[in-house]
Structures are given as structure tokens and as C-alpha cells.
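A closer look at the structure
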Amino acid sequence: MRSSRRAAFWAFLLSANAVRAEPILSPTNIFAPVSTPAHEVHSLSLFVLTITGGIFFTLSALLIYALVRFRSRPGDTAEPPQIFGSTQIELAWTIIPVLLITMLFLGTARVIFAVEDAPKPKAALEVVAIGHQFWWEFRYPHYNVVTANELHVPVSSAQSYRPTFLKLTSADVMHSFWVPRLAGKTDLLPNRVNEMWFDPQVVGLYLGQCAQFCGPEHGKMLLRVYVDTPAAFDAWIRAQQTTHADAKGANAALSVPNPNPVAGFPVNTPPTLGGTNGDLANNSQAITAPAGQQVFEHQACINCHTVAGTVANGRYGPDLTHLMSRDTIAAGIAKNDHDHLLRWITDPNDLKPASLMPAMHLTDRQNEQITAYLLTLR
Amino acid sequence: MATPTIPIPDHVEGAFDETQPPKFRGTYLEKVHGWVVTVDHKKIGLMYISYALIFLLVAGAEALAIRVQLARPENTAISPLVYNRIFTMHGTTMVFLVGMPILFGFGNYLIPLMIGARDMAFPRLNAFSFWISAFAGILLYYSFIGGLGLSGTGTAPDVGWFAYAPLTEKPFSPGHTVDYWAVSLLANGIGSIGTAINIIATIFSMRCKGMTLFRMPLLPWVYLTMSGLVLVAIGPLTAAQVMLLVDRYLGGHFFDTQMGGSSILWAHFFWIFGHPEVYILVLPAFAFANEIIPVFSRKAIFGYPAMVAATVGIGFISLGVWAHHMFTIGMTSFGNAFFTLSTMLVSIPTGIKTFNWLATLWGGKIRFTTAMLFSVGFLFQWLIAGLTGIMLSVSAWDWQLHNSYFVVAHFHYVLVGGILFMIFAAIYYWFPKMTGRMLNERLGKWHFWLMLVGFHLTFDLMHVPGVLGMPRQIYTYQADRGWTVWNEFISLGGFIQGAAVLVLVYNMVHSYFRGAVAGPDPWDGWTLEWSTASPPPDYNFAVEPVVASRRPLWDLKHPEDPDSAVE
């Protein structure tokens, strides 16, 4: 047991270029890079550790030697010889650090320019990441896809090199995008666009979180990056591109004008809002998806959330069009299943005490109905 | 009474105050009144130090609350809102209400004594500076009561000690909590500038006869540099606070990004102050080491001119490194490279200092008093803090380490392992001078070893979760991240340090009343403060001293081998 732990410890320290799906100690270990920027930083860090480690051992050895060798002995009251300095020695310990710093600086500068000024290949995937208090919005401008908190990117292999280039900005305060195994962090600032990139070489899920204090729930602004095979990524994109305009059920599309407009309502008001749907009117107490959709669209939910293809087109909160394609809710803090959704809708403060989503104070039945509706948003 | 150890020119009769202190020492109120109206640099120095020690206990308690919350994943001991207030107050208090006042306190107390003056150059400005700083501290803590104003319950500021915009703007921080923070630091800055001007004026114009600048002990030299930095650095902070208040109340848009303001602008302003601030705090720690290490090694400081040059060099270089706090904010590659290089340059003068302290120990006869133990702890920890500093200056690596617990570990290594250890050393070293009583060495050793074990348990381990991806300022974390076990031990270490500080408090109170009488020169020191009584009389020196070398008391004690002969 102990020896295996020790081996694990050394493997952790020496994992220079090892690529593992599951890193030792933590899924966010910076010493387990899987992408070029993280690799570059990792090799540089080993170089810096070697130099600083050398300085540390040399100086501590000298310090300990001096403390032991030159301790005062009992009874010896004579003063030691007074030495006021030595130009040669002082010059030496000025020049040696200058040389070490030159090495460190040149090594660092190489990595800064290699990572920060890397040219963007034509094939690169472009994603816009927008920080919000306290969640992430991801937009794929070339695919017309919007999602939240869980970023999907393709793997970069020798056969198909497809790095991801992120444009980062913020809707409110400063945030910082940090997925340690993919790249160093880059801040998201309001009124400004920053850029970063990574080219993950191993398929898998990579965790991270906001790394710039952004308000009360900064600690629960988690990040998940799914690195998919090219085929899986394309399938995911296609699935995300569908809307609920062609969904079956009582609530069809907004794009189609309401065939039976009701006096006093705009023509494109969906049937549910006009109360013209007989089926639903009879079943408004049932815990079903259509009933849930009716509650969802009658409440303030739609002011903040979008469900593409319905009246819900709010921009303030996460896009829910394909909510059930995500594994987690509330920026990665809870599993996306019936129980957690219900808890979240009933009172977001239960899972995330200072979340900006208010508790809507609906009835238990209405909460159940909305949950039933959300569970259909695949 | 004190025996005169400084030669009195022409043996002036009655130069020393031989009168016994009166039996009746005044009523309680008279005593308080005496402290409130005093303009004596020693009393003001002691008030600064006591004020800072009280806030050290407060901010230390806040740190322990943080550690309770972080000891377990998904802990609900403290709510996120309260947690954010606590770490903001912990950071702000430790920097502005503990670090700066305690260092100004020692400077106030020691500089006139060391340069053979009877007071600071501007005694009334001195008292004003202290009282406005005290007001600032009380104002900041009043925010716990008055924070949200009349309409809500009180709260403290919750924006982090560097208060990045636009989180501090009205839409994101309603109420008055940020106002308390801004106004309090503004007032504190006025006090700091006053004291800095005072120190500079005192050093340039009040030195005793024979004390050229290059015969000054190193402590005043370091305080001179530090005061220069205060003058340069506090200005941008004050300007930023005024701009923030203009934004919040007069419709300005400096940092209001919703109206086209810039959040980077705040970061620049804050760190143009914030990085020199680190040196404002750490330079006095160097100053204490410069005085304490030679005395307990029984050797003169090695390379005095190099030490002066390194101190002033650090001061200048530290003005050009601030953006190394902003490597991830989206600077150009050239900007990142420039600030990498400038930051690395700091390590050259700092290295010179470290080597010179080592060379001072070399060939000495080292006495391990408590003050010396803390200084040795400082040397070792300062080395590590410097090396992790080099790691962070490597901007590419900083993209990973920035805002992680590695950074928290690094700056606590500087602030606790470096500065606080030297403050403890200074307390053990100068307490006898300030009170006339020795601190108990046995309790001192307990304090040191508890502190050392607690410190290393907490801050050595704290580097690890940083490397494992734990960001700072999070109120809780997920159990699957592998950070739990580290945080448990970090919290344990925190409580050991808390116990160590309580030992110090007990020791100070106990020794103040019951400690052994110190006499004027308990450590066999060499600088002028040891030539007068402990505690020194109001006028410090009966006759203004005359010096002929850097170590006037060495010359006196060793007439066969005086420094003045080699200079």
C-alpha cells in the first residue's frame, strides 16, 4: 500500500509527457495535460522546477550547515572575527542569478509566443464563450448552436487536426475560463473579447471552473468540456441544431401562425396561451409535458430562458432548448435528472444559495408539471 | 537607572535624568488622556503596534472561519454571502490594518532611537496619521453594522480585497458595503502618506552628529525606501477609490462596463498600488532581519553597501512589475514577456540580500534566542517564497497557477512565513526596549515551534490543491476534485497557528507585568536604541549622541577593535 502510494507520488511528479485519461490525485491536475497549450506550460514548468529546485537545495544546505557549524558553544563569550563584505563574492552572487534569469526568461518567452500568437488554422472550430453570474453560455456561430455550461469540442488527432478557438467575453462582471488539463486560464471581461485555444488529443470529459471571483456563487460556477470523436461531435451539433418547432403535441410552433386566433391576442400567440386548446383545458391539472409547457410559458420563465421554436426566447438565463442533452444543471453542480430539476425549480437557493434565478413560488403541482415539460427537451 | 553607555561629550554633569518616577502615577482618565493627546513617537509607535495586534486577532479569527468552511467539501457551515465577506475582510484587514500599521509602529518607535533623534520630524503629523488610520479601521469594521444602509441589515464588503470592477459597481454591489471599503482605504491612505513623509523628513534631517547616511543602521535605510514607495503607490489607490465613488454616486463611467467603462483600468490602478504594497510590507521585515541576524550571529552585517543598493534597487524595480498580477487578463504576448522579465529582475537584489544574510551567519557564533529562531524561520521560508515567486513570474506557467491556491500559498508564504515571522522576531527583540521587561523565552520557544509546525502544515500543503486546479475565493468545492484531504490538513495547521498566537498574547500580557527586568541592553546590541534606558525616557537621549561608525555601541564595547578604524 505504502509503496504503491509512493510510486503514485513519483509518477505524479514525473508525469512529464504521460497522457492519461484519469490523472492521479485530481481530474483538474495541471500536471496531466492533454492539449498543446497545457503541454507547453507543463514542460516549461518542469524546466523551472529543476532550476528553482537546484537553488532551493543548494541554499538550504548552506543555511543548515551554517546554523549547525556556527552555533555558539556554551562558555564561549569571545566575539567572532568581524567581516564586513567581499566584493568578489558579492559580484559572484549577483552574476549567477543574472545568468539563471536569462535562461528562465528565454524559456518562458518561447512558450508565451508559441501559445499566445499561434496562428488559427482554417479547420479550427470557433466558439464564443460568455460568462454570466454564475454560468457559462457557449455559442457556435458557424453552426447556429447555443448551449450552456457544457462545452462540446472535437478531438484533435494527427488525422484530423481541429483545434478549438474560443472568443471570450462577459455579460456582467469578470470571470475566468480554466480547464487545467486543456490550457491555462483566460479571463472573460465585459466590453472586451479575449481569445484562447486548445487542441485536446484524448477523448473524454475535462473539468474546470471559474477562476476569477465574480460574486456570491463564484464557487459553484463549474465548467465541463466534453471532447468527442469527430463523428460524435458532428452528431451532437446536428442534434443541437433542431428546434421544437416540429415537436409533436398540443404546442406546435411559433413559426406557424395560430389557425384559430383569439380576439385580443396577437396572431402568432401559440394555442396554449389563448386557452383555445380543448385537450389541454381538460387536462390542465395533469402532470404532463403539455401542461408543464403551458405553465412554463405563462410564467416569467420565458423572460430569461429560450426554448427554440416556442415563445420562450429570453436571453438572461441558460438556453433550455436541449436541456436534457446535458448531464448537469446549475453550472455543473447537480445531476440533470427529475429530482434535481424539481428541487431547482422549487427553489434554486436550495442547491445554489445566491443564484440569480428566483424561486417562483409556484404550487407543487406546477413545479412537477414544469419538470415534466423540461424532461422532454432533448 | 540606565548607565550611560554612550560617551558623553565633555562629561556633562547631570545629563542623565536621575529623578525617580513619582509614586502616584495619575488617575486612569489622566493616563488615557495622556495617550490620546500624545505626540511622542514612542507612544504613537506603541499605539500603532497594539492597534495592529488587535486587528491581527480579529483577522486571524476570520481566517479560522474560512478554514472551518473549507475543511470539508460541500460544507454548509458558512453561507456563500457570509464567506465572501469574511475573506474580503480578512485580506483587507491583514494588509491595511495589521501589516501597514504594525510596520509603521516599529518604524515610528525605532527610527528616531536608531538615528539618535529625540522625536520624529513632525510629531503632530505623526499623531494625526495614527488617528486617521485608526478611524479608517473602525470605519471598515463599522460596515458590519451599517453596511447596507438604513434600508437593510448591515453587512461587510464582499468583493475581495482587490475589488475588481465592475463587481464593485452599483448594479452588482448595491447598498453601502463597497463605499465603506473605498472610504476606509482612502482615509487609511492619508495616514500612510503622512507617516511616510514624516519618516523621510526624519531620516534626512534629524540624524545625530556623525551619522552620515552611510553610517545609518540598515533599518532606517529600508524604511526610507519603503516610505518612498508609499508616496508613489498610495496615490493610484486613492485615485482609484475616488473614481469608484464617482462612478457609484456621480454617474461616472470609469469602471462601469455597462456604459463603456473598463474593468482592466481598475486592475491597472489597483496593482500599480498593489505590487509596490507587497514591498512596502516586506521591506520592513527585511529591516528587522538586518538588525536581528547580525546581533545574534555576533557579526557585522555582510556587505552593507550592497544591502543598501539592493534595498533601493528593489524599491525601483517593484514599481515596474504590477501587471504580473494580470497575466491572464488578455495582455499581448509582448506585454506578458515584458512583465515576466521585470518581475524576474526583482529576484536579483532579493537574492543579494538573502546571500548576505547567509554570509552574516557564516563564521559567526549564532545564539538561538526566540527572536533568532523566528529570523532563521524567516530566512528559510523567504527562500521558498522567493522561488515560488519565480515560478509565478513565468507568465506561461502563471496562466495555470494564477488565482489558484498555489498563489494563495505563495503570498501567505511571503506575508506569514516572511513578514509575520519577522514581526514576531521584532516583538521578541524590541519588547524589552519598549516595556523594560523581557518576554519569557520558554513560552517564546513554544510559540515558535507551534507556529513553525502550524505554518508548514498549512502553507506547504496549500500549494498542492492549487496545482490540482483549486481556484481561490471559492466558498466550497466538489468532493470529486481530490482536494479534500489537503484542505483537512490545511485547516488543522491553521488552528495550530491560532494556538501559537494565543501563546504570544499570553506571553506579552504575562511578561509585561511579571517579566524579568531587561535593563538598557539585554541582547548586547550595537545600535543607538540600546544605549538609553528601557523603556526610553520621553526625550530618548539625555545628550544627543555622537557616532563615528555604523555600530557605535560596538566601538564603545570594543575599543581595541572599533569599526570606526576600518571605515
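In case you missed it, the structure is sitting above this.
The following refers to the structure shown. These numbers come from a predicted model, not from an experiment.

This next bit is on the interface of chain B and chain A. In this complex, chain B contributes 97 residues to the contact, which on the side of chain A involves 85 residues. With both chains or domains summed, chain B and chain A bury close to 7,900 Å², and 69% of this area falls on carbon and sulfur atoms. Run the count over chain B and chain A and you get three salt bridges. Of the charged contacts, one joins B:E74 and A:K220 as a salt bridge, the two residues approaching to 3.8 Å between their closest N and O atoms. Scanning the region where chain B abuts chain A turns up 31 residue pairs in polar contact (both at pLDDT 80 or more). Elements that contribute at least two residues to the side of chain B that touches chain A include exactly helix 3 (80-114), helix 7 (263-297), helix 8 (304-317), helix 9 (333-361), helix 10 (370-393), helix 11 (395-401), helix 13 (441-467) and helix 16 (563-566) of chain B. Among the elements that make up the side of chain B that touches chain A, the one with the highest residue count is helix 9 of chain B (15 residues). Class assignment of the residues belonging to the side of chain B that touches chain A gives a composition of 54 nonpolar, 30 polar and 13 charged.

Its location among the elements puts B:D563 in helix 16. A distance of 2.7 Å separates polar atoms of two side chains, one belonging to B:D563 and the other to B:R551. The contact partners of B:D563, leaving out residues within four places of it in the chain, are A:F84, B:S549, B:R551, B:W554 and B:D555.

This part is about the pairing of strand 1 (residues 125-132) of chain A. Residues and elements named next belong to chain A. Within strand 1, seven of the eight residues are buried, which leaves the element mostly enclosed by the surrounding structure. In the sheet, strand 1 pairs with strand 5 (residues 164-170) via seven bridges, with the strands oriented parallel. Bridged to G131 within strand 5 is S170. In the sheet, strand 1 pairs with strand 2 (residues 135-140) via five bridges, with the strands oriented antiparallel. The residue of strand 2 that forms the bridge with V128 is R139. Linking strand 1 to strand 2, which pair antiparallel, is a turn of two residues.

This part takes up the environment of A:I96. In this fold, A:I96 is placed in helix 3 (residues 87-116). Between the alpha carbons of A:I96 and A:S45 there is a distance of 21 Å; along the sequence they are 51 residues apart.

On the surface, B:L57, B:L502, B:V505, B:V509, B:Y512 and B:F513 cluster together into a nonpolar patch covering about 590 Å² of accessible area. On the secondary structure map, B:L502 appears in helix 14 (residues 484-514).

Applying the stated rule across the entire model yields 65 aromatic pairs over all chains. Relative to B:F273, the ring of B:F96 lies with its centre 5.8 Å away and its plane at 15°, an arrangement referred to as stacked. Placement of B:F96 in helix 3 and of B:F273 in helix 7 is noted, with a sequence separation of 177 residues between them. With respect to burial, B:F96 and B:F273 carry one shared label: buried. Measuring from centroid to centroid gives 5.2 Å for B:F455 and B:F459, while their planes differ by 45°, and the two rings are tilted. Here B:F455 and its partner B:F459 are both found in helix 13, four residues apart, which amounts to about one turn of the helix. According to the relative accessible area criterion, B:F455 is buried, its value standing at 0%. Given a relative accessible area of 6%, B:F459 falls into the buried group. Among the aromatic side chains, those forming a connected cluster through ring pairs are B:F96, B:W161, B:F162, B:Y164, B:W181, B:F254, B:F255, B:W266, B:F270, B:W271 and B:F273. Over the ring of A:W178 we find A:K185; its NZ or CZ atom is 3.7 Å from the centre of that ring. Note that B:R550 overlies the ring of B:Y304, its terminal NZ or CZ placed 3.7 Å from the centroid.

What counts, and at which threshold
Residues numbered from 1 in each chain as written. Chains lettered and ligands numbered in written order. Predicted model: local features only at pLDDT ≥ 70, side-chain atom pairs only at ≥ 80, totals over all residues. Heavy atoms only, no water. Contact = heavy atoms within 4.5 Å. Buried area = accessible area lost by both parts, 1.4 Å probe. Salt bridge = Lys/Arg side-chain N within 4 Å of Asp/Glu carboxyl O. Polar contact = N/O pair within 3.5 Å; in protein donor to acceptor, adjacent residues only side chain to side chain. Helix = DSSP H or I, 4+ residues; strand = E, 2+ residues; numbered from the N terminus. Nonpolar A, V, L, I, M, F, W, Y, C, P; charged D, E, K, R; others polar. Buried < 20%, exposed > 50% of the residue type's maximum accessible area, 1.4 Å probe, protein only. Pairing = 2+ DSSP bridges. Patch = residues over 30% accessible without salt bridge, like charges linked within 9 Å, V, L, I, M, F, W, Y side chains within 5 Å. Areas by Shrake-Rupley, 256 points an atom, 1.4 Å probe, with all protein chains shown as cover. Phe/Tyr/Trp six-rings, centres within 6.5 Å; stacked < 30°, edge-to-face > 60°. Lys NZ or Arg CZ within 6 Å of the ring centre and 35° of its normal.

The values reported here are purely geometric and, on their own, carry no functional implication.
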